[in-house]
Amino acid sequence: GNSVTQMEGPVTLSEEAFLTINCTYTATGYPSLFWYVQYPGEGLQLLLKATKADDKGSNKGFEATYRKETTSFHLEKGSVQVSDSAVYFCALSRYNQGGKLIFGQGTELSVKP
Amino acid sequence: GAVVSQHPSRVICKSGTSVKIECRSLDFQATTMFWYRQFPKQSLMLMATSNEGSKATYEQGVEKDKFLINHASLTLSTLTVTSAHPEDSSFYICSARRGYSSYEQYFGPGTRLTVT
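Residues numbered from 1 in each chain as written. Chains lettered and ligands numbered in written order. Predicted model: local features only at pLDDT ≥ 70, side-chain atom pairs only at ≥ 80, totals over all residues. Heavy atoms only, no water.

Looking now at the overall build of chain A. Each helix and strand counted, chain A has zero helices and twelve strands in total. Against the 2.2 N^0.38 benchmark of 13 Å for 113 residues, chain A shows a C-alpha radius of gyration of 13 Å, consistent with a compact globule. By its C-alpha atoms, chain A is 45 × 30 × 20 Å across when sized along the principal axes. Within chain A, the fraction of its 113 residues that count as buried is 45%. (Helix = DSSP H or I, 4+ residues; strand = E, 2+ residues; numbered from the N terminus. Rg over C-alpha atoms; globule rule 2.2 N^0.38 Å. Buried < 20%, exposed > 50% of the residue type's maximum accessible area, 1.4 Å probe, protein only.)

Next comes the structure, spelled out in structure tokens:
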């Protein structure tokens with residue numbers, strides 16, 4: 001079946017550090033891949049997406065590249081800020097499954113000043 | 001645009017009672033709405049998918065008689081937890097999909113249910 005695996009958290013970084021959150025997936029066909037972010041006390045927000053192999057999604061300094069050969073969609077940011085502290089979820093969706101999202105377990109990021 | 005609201009944001013109910021949670025798409029028509037359950041420090045678990053005007057499709061292991069979902073209009077879906085028990089205490093999140101060709105879901109802020 002389809003599944004998403006993320007690196008375990010929590011991840012604690014100092015401000016301006018480089019961030020990588022690993023995400024790998026298992027799916028048949030060509031899923032769309034997403035990163036969602038959940039700030040404390042808020043709902044999930046779409047951070048970025050990629051719909052086909054080698055696509056790079058980017059937003060707010062974050063980026064992730066859809067790597068079909070390694071079935072990965074790692075999230076990166078060159079210089080994190082305290083305001084990036086949140087829980088990050090990797091997810092996939094297959095169009096022929098009615099848009100259902102399958103989420104990874106989430107990775108909590110804490111950025112210290 | 002693409003705002004989804006949930007009401008209430010928090011609810012406490014006694015064991016054995018029922019509670020209804022509303023999910024509304026405020027500025028778009030939602031062809032499909034999804035209901036998720038999130039346990040502390042864990043991921044979102046899809047409970048069911050509902051399309052406007054038709055019965056919800058439940059994920060394996062989710063009791064459809066316990067978690068009643070109604071999607072009566074293109075902007076409103078409700079989740080009713082019937083005969084609630086303490087183990088039903090959780091964070092319930094809805095999302096809405098705009099149009100059948102769109103892959104993007106817009107999430108509500110969630111409802112914290114506590115059953116005493």
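Resuming the write-up.
All names here are of chain B. Structurally, S77 is set in strand β8 (residues 76-81). Engagement of the side chain of S77 in a polar contact is seen with the side chain of W35, the distance being 3.0 Å. Here the side chain of S77 touches N70 through a polar contact of 3.2 Å, landing on its backbone oxygen. Setting aside anything within four residues of it in sequence, one finds S77 in contact with I21, E22, C23, M33, W35, S50, I69, N70 and H71. (Polar contact = N/O pair within 3.5 Å; in protein donor to acceptor, adjacent residues only side chain to side chain. Contact = heavy atoms within 4.5 Å.)

By the definition in use, this model includes two disulfides over all chains. Disulfide pairing places A:C23 opposite A:C90 at an S-S distance of 1.9 Å. One quick way to see it: the torsion about the S-S bond of A:C23 and A:C90 is about -70°, and its sign makes the bridge left-handed. Within this pair, whereas A:C23 is found in strand β4 (residues 23-26), its partner A:C90 is found in strand β10 (residues 86-93), the two being separated by 67 residues in sequence. This pair shows no difference in class: A:C23 is buried, exactly as A:C90 is. Note on cysteine connectivity: B:C23 is disulfide-linked to B:C94, with sulfurs 2.0 Å apart. In this structure the cystine formed by B:C23 and B:C94 twists about its S-S bond by roughly 80°; its chirality is therefore right-handed. (Disulfide = S-S within 2.5 Å.)

Taken together, the contact between chain B and chain A spans 21 residues of the former and 19 residues of the latter. On the surface where chain B and chain A come into contact, there are one salt bridge. The salt bridge involving B:E59 is made with A:K100; its shortest N-O contact spans 3.2 Å. Put simply, chain B and chain A have three residue pairs in polar contact (both at pLDDT 80 or more) between them. (Salt bridge = Lys/Arg side-chain N within 4 Å of Asp/Glu carboxyl O.)

For the rest of this paragraph, the subject is the pattern of salt bridges. Residues and elements named next belong to chain A. As enumerated under the stated definition, the model contains six salt bridges over all chains in all. Across the pair D84 and K77 runs a salt bridge, and its minimum N-O distance is 2.8 Å. Residue classification places K77 among the buried positions, given a relative accessible area of 10%.

So, on to the packing of aromatic side chains. Counted according to the given criterion, the structure contains eleven aromatic pairs over all chains. Here the aromatic rings of A:F62 and A:Y88 are separated by 5.6 Å at their centres, their planes lie at 40°, and the arrangement is tilted. Taken as a pair, A:F62 in strand β8 (residues 62-65) and A:Y88 in strand β10 lie far apart in primary sequence, 26 residues in all. Of the two residues, A:F62 and A:Y88, both sit in the buried class. With a centroid separation of 6.0 Å and an interplanar angle of 70°, the aromatic rings of A:F103 and B:F107 are classed as edge-to-face. Taken as a pair, A:F103 in strand β11 (residues 101-103) and B:F107 in strand β10 (residues 105-107) lie in two separate chains rather than in one. (Phe/Tyr/Trp six-rings, centres within 6.5 Å; stacked < 30°, edge-to-face > 60°.)

With that settled, consider the side chain of B:D88. All names here are of chain B. Inspection of the secondary structure assignment puts D88 in the loop between β8 and β9 (90-97). Overall, D88 belongs to the buried group, its relative accessible area being 4%. Ignoring sequence-local partners within four residues, the contact set of D88 consists of R37, K66, F67, V81, S83, L113 and V115.

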